[in-house]
Amino acid sequence: MSSVSTAAGPMAKPSEWVVRFAERVPLEAEVLDVACGAGRHGRYFRARGNPVVLLDQDISRVADMAADARVELVASDLEAGRPWPLKSRTFGCVVVTNYLYRPAMRDIIAAVAPGGILIYETFALGNEAYGRPSNPDFLLHREELLILCRPELRVVAFEDVTVSTPRPACIQRIAAVRDAAERPAF
């Protein structure tokens, strides 16, 4: 899939990491796209047939999807100190890319339903050599995603790498599942 086209125009290509693990998500499973921005991953999963929840402080970039009965838009600033907006809900897939706010991590992990998957990819220490983000508050420490996900989730894949495309960057990415018999520990 080269890009997703919408009424708002062509969207950025979804992350290869997300696409790689999307096959693990049943089509009936609801997908949460955290800090969705323009919704490239929510749009990707919706095009597959999944119902999606798009969460961001500014949902104007996904407003074109509001009329779709299988799309829910949630406007919430996760960094404003308010409670997690989806506290009582879990999802078959939780997707997070290019976003890190450590105080929300427990809620993000708890949002993965039994049998569900977390697909997470964001910047890591070392990225400051390539540009933004360079603030250590927004860069994962060595193996931080592994530490945050265990023992609640079972890690399927993890990488801590330097990539060259779409631009040079240091990133960590994880795919982790909650076993079907388990409930969130939080």
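From a predicted model like this one, the values you see are computed outputs, not experimental measurements.

Visitor: Looking at this structure, how should I read the overall build of the chain?
Guide: Looking only at helices and strands, the chain has 4 helices and 9 strands in total. Along its sequence from the N terminus, the chain presents helices and strands in the succession β-β-α-β-α-β-β-β-α-β-α-β-β. Since a compact globule built from 186 residues should have a radius of gyration of about 16 Å, the 16 Å found for the chain is in line with a globular shape. With 186 residues in all, the chain has 48% of them scored as buried. As displayed, the chain has an accessible area near 9,100 Å², and 50% of this comes from carbon and sulfur atoms.

Visitor: Could you clarify how one ought to interpret unusual backbone geometry in this entry?
Guide: The phi angle of most residues is negative, glycine excepted, and most peptide bonds adopt the trans form. Cis geometry is found at the peptide bond from Arg132 to Pro133, where omega equals -10 degrees. When you line up the elements, Pro133 lands in the loop between strand 7 (112–123) and helix 4 (144–149). In this chain, Arg150 is followed by Pro151 through a cis amide linkage whose omega measures 0 degrees. Residue placement: Pro151 occurs in the loop between helix 4 and strand 8 (154–163).

Visitor: Explain the confidence of the model for the chain here, please?
Guide: Low pLDDT marks stretches whose predicted atomic positions should not be read closely. Looking at the chain as a whole, its pLDDT mean stands at 91, while 91% of the residues score no less than 70. Every residue in residues 1–10 is under pLDDT 50, and counting partners more than four places away or in other chains gives 16 contacts.

Visitor: Explain the sheet that holds strand 6 (residues 91–97) to me, please; I cannot follow it from the model alone.
Guide: Strand order in the open sheet formed by 7 strands is 5-4-3-6-7-9-8, and the pairing between neighbours is mixed. Both edges of this open sheet fall to strand 5 (71–75) and strand 8, since each of them pairs with a single strand only. With direction set aside, neighbouring strand axes in the sheet form an average angle of 10 degrees. In terms of strand pairing, strand 8 meets strand 9 (residues 169–177) through 9 bridges, oriented antiparallel. Each residue of the ladder has a partner; that of Thr162, found in strand 9, is Cys170.

Visitor: Looking at this structure, I do not really get the environment of Ala129. What am I missing?
Guide: Take Ala129: it is sitting in the loop between strand 7 and helix 4. Sequence separation between Ala129 and Leu140 is 11 residues; the distance between their C-alpha atoms is 14 Å.

Visitor: Looking at this model, I keep getting lost on the side chain of Arg43. Mind explaining?
Guide: Inspection of the secondary structure puts Arg43 in helix 2 (residues 40–48). Overall, the relative accessible area of 3% leaves Arg43 in the buried class. Here Ala38 takes part through its backbone oxygen, which lies 2.8 Å from a polar atom of the side chain of Arg43.

What counts, and where the lines are drawn
- Residues numbered from 1 in each chain as written.
- Predicted model: local features only at pLDDT ≥ 70, side-chain atom pairs only at ≥ 80, totals over all residues.
- Heavy atoms only, no water.
- Helix = DSSP H or I, 4+ residues; strand = E, 2+ residues; numbered from the N terminus.
- Rg over C-alpha atoms; globule rule 2.2 N^0.38 Å.
- Buried < 20%, exposed > 50% of the residue type's maximum accessible area, 1.4 Å probe, protein only.
- Areas by Shrake-Rupley, 256 points an atom, 1.4 Å probe, with all protein chains shown as cover.
- pLDDT = per-residue confidence, 0-100.
- Contact = heavy atoms within 4.5 Å.
- Pairing = 2+ DSSP bridges.
- Axes fitted to C-alpha atoms, helices over the stretch in contact; angles between N-to-C directions.
- Polar contact = N/O pair within 3.5 Å; in protein donor to acceptor, adjacent residues only side chain to side chain.

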